[in-house]
Every structure is written in structure tokens, then in C-alpha cells.
Amino acid sequence: MTNDLKESFSTADSPPAPAALAAKVRTLAPSMTRSMQRVAEAVAGDPAGCAALTVTGLAELTGTSEATVVRTARLLGYPGYRDLRLALAGLAAHQQSGRAPSVTADIAVDDPIADVVAKLAYDEQQTLADTAAGLDTVQLGAAVAAAATARRIDIYGVGASSLVGQDLAQKLARIGLIAHSHTDPHLAVTNAVQLRSGDVAIAITHSGSTDDVIEPLRVAFDRGATTIAITGRPDGPVTQYADHVLTTSTARESELRPAAMSSRTSQLLVVDCLFIGVAQRTYETAAPALAASYEALAHRHTPRPR
């Protein structure tokens, strides 16, 4: 992890609420060492059991050391293991008072379609909850402020992320902003060259390491544009060139459910939050622009006489 990322989860910050603990584990686990992952997975998987353990007991349970347990607690945002235990006890109490349905997103090839619907719905809900719990509203507010006053907004994404980029671009265009979604990596770079201070560039990449997205963001960053990264990896290479980082939930991939499906769900939530924030800030111009776009398309939705 970078020093900046470590500082962002230092003891100077307020510890995360118990309900946000599982979401933070899912977000940070890919960047942890294997021993720290074992500790994180244990506390997220059995908060009640781990809350009853001393630091020595948790170290023995996970086959790690006391120092690893303490480092993991601090990385998760807690000053020490005692604070983590209190959060685990709170999370366990919360789960006991409102139990989640006993369903997972592990879809089998022979699952009835009703089970598929239930599993997907539950996974989507969990993805949205995790993303909301882990989203930094200070970073979001700064991104909203930049986009609301931007001369021009360029958005970069490939694959499933490109669909999210197109969704954001068309939303912003409907409230009167100049926004373009670039899916061709060559065009993305050649357009990024034209950006300057007062412009905004947004990179959408779940992995945080997609070269075709990082390159135009780097160019935009070098040109003085305000840069925003929407990513599931706050320690990924893309964040090197991002003024503001909006973190999405880390998707759990299965054989029949590619990670792109869950990542797209969390990305769309962040995009909607960004758009609503911009619309609020530009309401005097956004509202008439939205009304005009609805009116322009109204005739296409009028039932035709038979």
C-alpha cells in the first residue's frame, strides 16, 4: 500500500462503524498480506466468535502473530485490537437483531430459476450496502464540486466499465453539461491531451490496473485537469493519477457470475451519487435541461392509435 493510503486508515481517523467492518474487509483484503487476510476473513466471517478472543487467541486461531492481528486492526481503521473487538461485538449484536437471509451468491448450474433470482438479488443488495458503507463522502463531495463547474468532462472505461461510463455521460448531458465517454483507448488519449485546468477526467476501472484507462487519466492529470478514479482497489495504479478516489465494493467472482456483474452494480451506485450531487449543485440549470429533454422525447412515448 502507498504511504498516503496507509495514512488514510491511520489511528487519527474515526474507526468505522460496526456495520461497515465487513465492507472494509472486502475492499482492503486484496491489498493485504496473506496472514493479514486470514485475520480479516476471520473477523468478518465470525464477529461474535472473534469478539470473545484475546489478541493471542485470534492470532492462534488464524495461525498468525499478535503483531499481525494488531496491524490488521489498524489497517481496518481501529486504533488497536481492543477497539476492533468492541466493533465485532457491535456487529454481532446487529446481526442477531436483524438476521440476513441464509442465502449466498454461489449459483449452481442446476439451481432453479427462483433460487437464481433470490441469490442474485441478495448479492446485489450486499454489493450496494458494501459500496455505500465504504464510500468516502468527503471525496465524493470534492468530485461533485469539480464536475459541477467543469468546462468539459471526459470519462474513460473499457469492457463492463465502459457501459457505466456511457451511463454517466448521458446523464450529465441531459442536465446540460458537456460530457463524453471514451471507450477507444487511442481516442481517449488524444482527447485527454486537449484537457486543462477546469476540466474533469473520470476513470472507471474495478481492478484499478487497466492500462487503457490509466493512460488517458495520466495524460489528463499531467494537463492539469481534475482527475477522479472510480475503482474497487484504492491502492491500484490508477489512483496515482487521481485527485479524488471513489471506492466501490470488491466483487466476489463465481463460475456463473463474473466479477464484472457485481462491480458494475457498485459502479452504477457511485455514478448515480455523483450525478445527483452535480444535479443538486446545478439545479437552476439542470432542472430546465431535464424538462427540455423529457419534452423532446415525449412524443416517442405517446401510444399510437390502432
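As a reminder, the structure under discussion sits directly above these lines.
Here's what I pulled together on the structure shown here. Quick caveat, the model's predicted, so the values are computed rather than measured.

Rules used in this analysis
Residues numbered from 1 in each chain as written. Predicted model: local features only at pLDDT ≥ 70, side-chain atom pairs only at ≥ 80, totals over all residues. Heavy atoms only, no water. Buried < 20%, exposed > 50% of the residue type's maximum accessible area, 1.4 Å probe, protein only. Helix = DSSP H or I, 4+ residues; strand = E, 2+ residues; numbered from the N terminus. Pairing = 2+ DSSP bridges. Phe/Tyr/Trp six-rings, centres within 6.5 Å; stacked < 30°, edge-to-face > 60°. Lys NZ or Arg CZ within 6 Å of the ring centre and 35° of its normal. Core = buried A, V, L, I, M, F, W, Y, C linked by side-chain atoms within 4.5 Å. Contact = heavy atoms within 4.5 Å.

1. A closer look at the pairing of strand E5 (residues 244-247)
Moving on, step 1. Because side chains alternate across E5, one face comprises the buried residues His-244 and Leu-246, and the other comprises Val-245 and Thr-247, equally buried.
Moving on, step 2. Judged from the 4 bridges that link them, strand E4 (residues 226-231) and E5 form a sheet pairing that is parallel. What sits directly across from Ile-228, in E5, is His-244.

2. Topic: the packing of aromatic side chains
Each aromatic ring pair is characterised by the separation of its centres together with the angle its planes make.
Moving on, step 1. Summed over the entire model, instances satisfying the criterion amount to 1 aromatic pair.
Moving on, step 2. Ring centres of Phe-221 and Tyr-241 lie 6.1 Å apart, and the angle between their planes is 65 degrees; on these two criteria the pair is classed as edge-to-face. Residue Phe-221 is located in helix H12 (residues 211-222), and its partner Tyr-241 is located in the loop between E4 and E5; the two are separated by 20 residues in the primary sequence.
Moving on, step 3. By relative accessible area, Phe-221 is classed as partly exposed at 32%.
Moving on, step 4. Lying over the aromatic face of Tyr-294, Arg-174 brings its terminal NZ or CZ to 4.8 Å of the ring centre.

3. Quick look at the nonpolar core
Moving on, step 1. Counting 30 residues, the largest nonpolar core has Ile-153, Leu-168, Leu-172, Ile-175, Ile-202, Leu-246 and Val-278 as its most contacted members.
Moving on, step 2. Those elements giving two or more residues to this core turn out to be helix H9 (137-148), strand E1 (153-156), helix H10 (160-174), strand E3 (200-204), E4 and helix H13 (259-281).
Moving on, step 3. Apart from residues no more than four positions distant in its own chain, Leu-168 is found in contact with Ile-155, Ile-202, Val-271, Leu-274 and Phe-275.
Moving on, step 4. Membership of the second largest hydrophobic core comes to 23 residues, among which are Met-36, Cys-50, Ala-51 and Tyr-78.

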